[in-house]
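What follows is each chain in one-letter form.
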Amino acid sequence: MNIKTICLGALALAMVSGTAFAGALDSPDNMAPFFTDSGMKTMKPKTEFKAAWDSMAKDKQDSMMKECQDAAMSKPHAEFCANLQALGGAN
C-alpha cells in the first residue's frame, strides 16, 4: 500500500470518529446539568449537584467517574471531580 493512502485513511477515520476521542467530561451535554450558567463556570450547590448526578444514566455516571479517576483526564475538571468523589460516585 501507498503510505499516502494509509495516512489519508487514518486522517479520514480520525475526522469521522473525532467525537469518540472527546471524553465524557468534555461533553457539554453531560456537564451542563451540574452548572448554573451556560458558560459552565459556576457549579450548582451540592444538593442540586447530587440531584443532577442521581438523574443521570448509569453508563454516563460510570464513564464520568472513570475519567475523574484518571489524573490526566480529571486535571481540567478538578473541582467537578472533587464533587463527584465527595458523593462517592454512586447513587
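Residues numbered from 1 in each chain as written. Predicted model: local features only at pLDDT ≥ 70, side-chain atom pairs only at ≥ 80, totals over all residues. Heavy atoms only, no water.

J.: What is the right way to read the confidence of the model for the protein from this model?
T.: The predicted coordinates should not be examined in detail at positions where pLDDT is low. For the protein, the average pLDDT comes to 82, and 77% of its residues sit at 70 or higher. Here helix 2 (residues 18-21) stands out as the element of the protein with the lowest mean pLDDT, 46, in contrast to helix 4 (residues 46-54), whose mean of 95 is the highest. Contacts for the low-pLDDT stretch residues 16-20, under 50 throughout, to residues beyond four places or in other chains number 0 contacts. (pLDDT = per-residue confidence, 0-100. Helix = DSSP H or I, 4+ residues; strand = E, 2+ residues; numbered from the N terminus. Contact = heavy atoms within 4.5 Å.)

J.: Any chance you could explain the packing of helix 4 against helix 7 (residues 78-87) here in plain terms?
T.: Following both chains from N to C, one finds helix 4 and helix 7 inclined at 80 degrees, their axes separated by 11 Å at the closest point. Between helix 4 and helix 7, the angle is such that the two are roughly perpendicular. Between helix 4 and helix 7, the contacting residues are K46, F49, K50 and W53 on the first element and F80, N83, L84 and L87 on the second. Looking at the contact of helix 4 with helix 7 residue by residue, the classes come out as 5 nonpolar, 1 polar and 2 charged. (Axes fitted to C-alpha atoms, helices over the stretch in contact; angles between N-to-C directions. Parallel < 35°, antiparallel > 145°, perpendicular 65-115°, else oblique. Nonpolar A, V, L, I, M, F, W, Y, C, P; charged D, E, K, R; others polar.)

J.: What is the right way to look at unusual backbone geometry in this model?
T.: Phi is mostly negative for residues that are not glycine, and the peptide bonds are mostly trans. The phi torsion at M40 lies on the positive side, around 55 degrees, for a residue other than glycine. By the secondary structure assignment, M40 is in the loop between helix 3 (28-31) and helix 4. On the accessibility criterion, M40 (26% relative accessible area) is partly exposed. (Buried < 20%, exposed > 50% of the residue type's maximum accessible area, 1.4 Å probe, protein only.)

J.: Can you walk me through the side chain of S74 in this structure?
T.: Along the chain, S74 falls in helix 6 (residues 71-74). The exposure class assigned to S74 is buried, which follows from its relative accessible area of 12%. Of note is the side chain of S74, whose polar atom sits 3.4 Å from the backbone oxygen of A71. Excluding anything up to four places from it in sequence, S74 contacts E67, C68 and C81. (Polar contact = N/O pair within 3.5 Å; in protein donor to acceptor, adjacent residues only side chain to side chain.)

J.: Would you mind going over the state of the cysteines with me for this structure?
T.: Think of a disulfide as a covalent bridge from one cysteine sulfur atom to another cysteine sulfur atom. Per the stated rule, a full pass over the model turns up 1 disulfide. The partner cysteine of C68 in its disulfide is C81, sulfur to sulfur 2.0 Å. Judged by the sign of its S-S torsion, about -75 degrees, the bond between C68 and C81 is left-handed. You can see C68 sitting in helix 5 (residues 58-68) and its partner C81 sitting in helix 7, a full 13 residues away along the chain. Across this residue pair, the class does not change: C68 and C81 are buried. (Disulfide = S-S within 2.5 Å.)

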